[in-house]
Amino acid sequence: CQNCSTGTYNEEVGQTECKDNCNAGSFINSDKTACDECAKGFYQDENQQSTCKSCLEGKYNDQPEGKLESDCKECGTGRYSDQINLISESNCKICAEGKYNDEKGQTSGCKTCLKGTKQPEEGQSYCDKCIPGQYQSDTPPTKCDECRATTYTNQALQNDCKDCPASKTSVAGSTFCSGCEDGQY
């Protein structure tokens, strides 16, 4: 008996030659007794191969027998993956509160919301601006707070409020300071 040569297999006893019909989306197992389909998370774009190729970081393949690298789909926005061979988008990691990811196929984590922005939910692709009268100083940035009384901000995207000058005041959440009433200072 002779072993099947590279790129061929034989799953039946008593055959006089080996088969060479293991096509893309499949691989010849290690003992050359079968042509098996590539599992989810893998693909094979060449014929007569002994292994399947991995879907790389930032991607997943939820279908068996992948024939092209493009069968590996990118993790969506609000997600990322630093692992290979994922079989579902649900295996892609979700961005935590205070973080976001605005691009598909990311491999190195999520971005932190910038100064004066917030994201109170997981798995998001953007951060919301803090509006005038609000500021953001949390870590992670999950909410905007109103400026306290006697402080204000008249701009969006702030991480602090300004104190009202002497003889002026404001109520919580103010975008400006007003003069004190008669009998006040």
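Residues numbered from 1 in each chain as written. Predicted model: local features only at pLDDT ≥ 70, side-chain atom pairs only at ≥ 80, totals over all residues. Heavy atoms only, no water.

S.K.: I would appreciate a short explanation of the layout of surface pockets in the present structure.
M.R.: To find the voids left in a structure, one rolls a probe of water-molecule size over its atoms. Volume-wise, the largest pocket comes out at about 260 Å³. Forming the boundary of the largest pocket are Cys-1, Gln-2, Asn-3, Cys-4, Asn-10, Glu-12, Gly-14, Gln-15, Thr-16, Glu-17 and Cys-18. When the residues that make up the lining of the largest pocket are grouped by side-chain class, the tally is three nonpolar, six polar and two charged. (1 Å grid on protein atoms, 1.4 Å probe; cavity = no way out; pocket = protein on both sides within 12 Å on 5 of 7 lines; lining within 4 Å. Points joined across faces, edges and corners; volume = space filled by probe spheres on them. Nonpolar A, V, L, I, M, F, W, Y, C, P; charged D, E, K, R; others polar.)

S.K.: Would you mind going over the side chain of Ser-81 with me for this structure?
M.R.: Topologically, Ser-81 is positioned in the loop between β7 (79–80) and β8 (93–94). Relative accessible area serves as the criterion here: at 3%, Ser-81 is assigned to the buried category. (Helix = DSSP H or I, 4+ residues; strand = E, 2+ residues; numbered from the N terminus. Buried < 20%, exposed > 50% of the residue type's maximum accessible area, 1.4 Å probe, protein only.)

S.K.: Just checking my understanding: could you explain the side chain of Thr-117 for this structure?
M.R.: Within the secondary structure, Thr-117 is located in strand β11 (residues 117–118). At 2.6 Å, the side chain of Thr-117 forms a polar contact with the backbone oxygen of Leu-114. In contact with Thr-117, not counting residues within four places along its chain, are Cys-127, Asp-128, Lys-129, Cys-130, Gln-136, Pro-141 and Leu-157. (Polar contact = N/O pair within 3.5 Å; in protein donor to acceptor, adjacent residues only side chain to side chain. Contact = heavy atoms within 4.5 Å.)

S.K.: Can you help me understand the environment of Asp-145 in this one?
M.R.: Among the structural elements, Asp-145 can be located in strand β14 (residues 145–146). The spatial distance from the C-alpha of Asp-145 to the C-alpha of Asn-3 is 73 Å, given a sequence separation of 142 residues. Beyond its immediate stretch of four places on either side in the chain, Asp-145 contacts Gly-133, Gln-134, Tyr-135 and Asp-138. There is a polar contact of 2.9 Å between the side chain of Asp-145 and the side chain of Lys-143.

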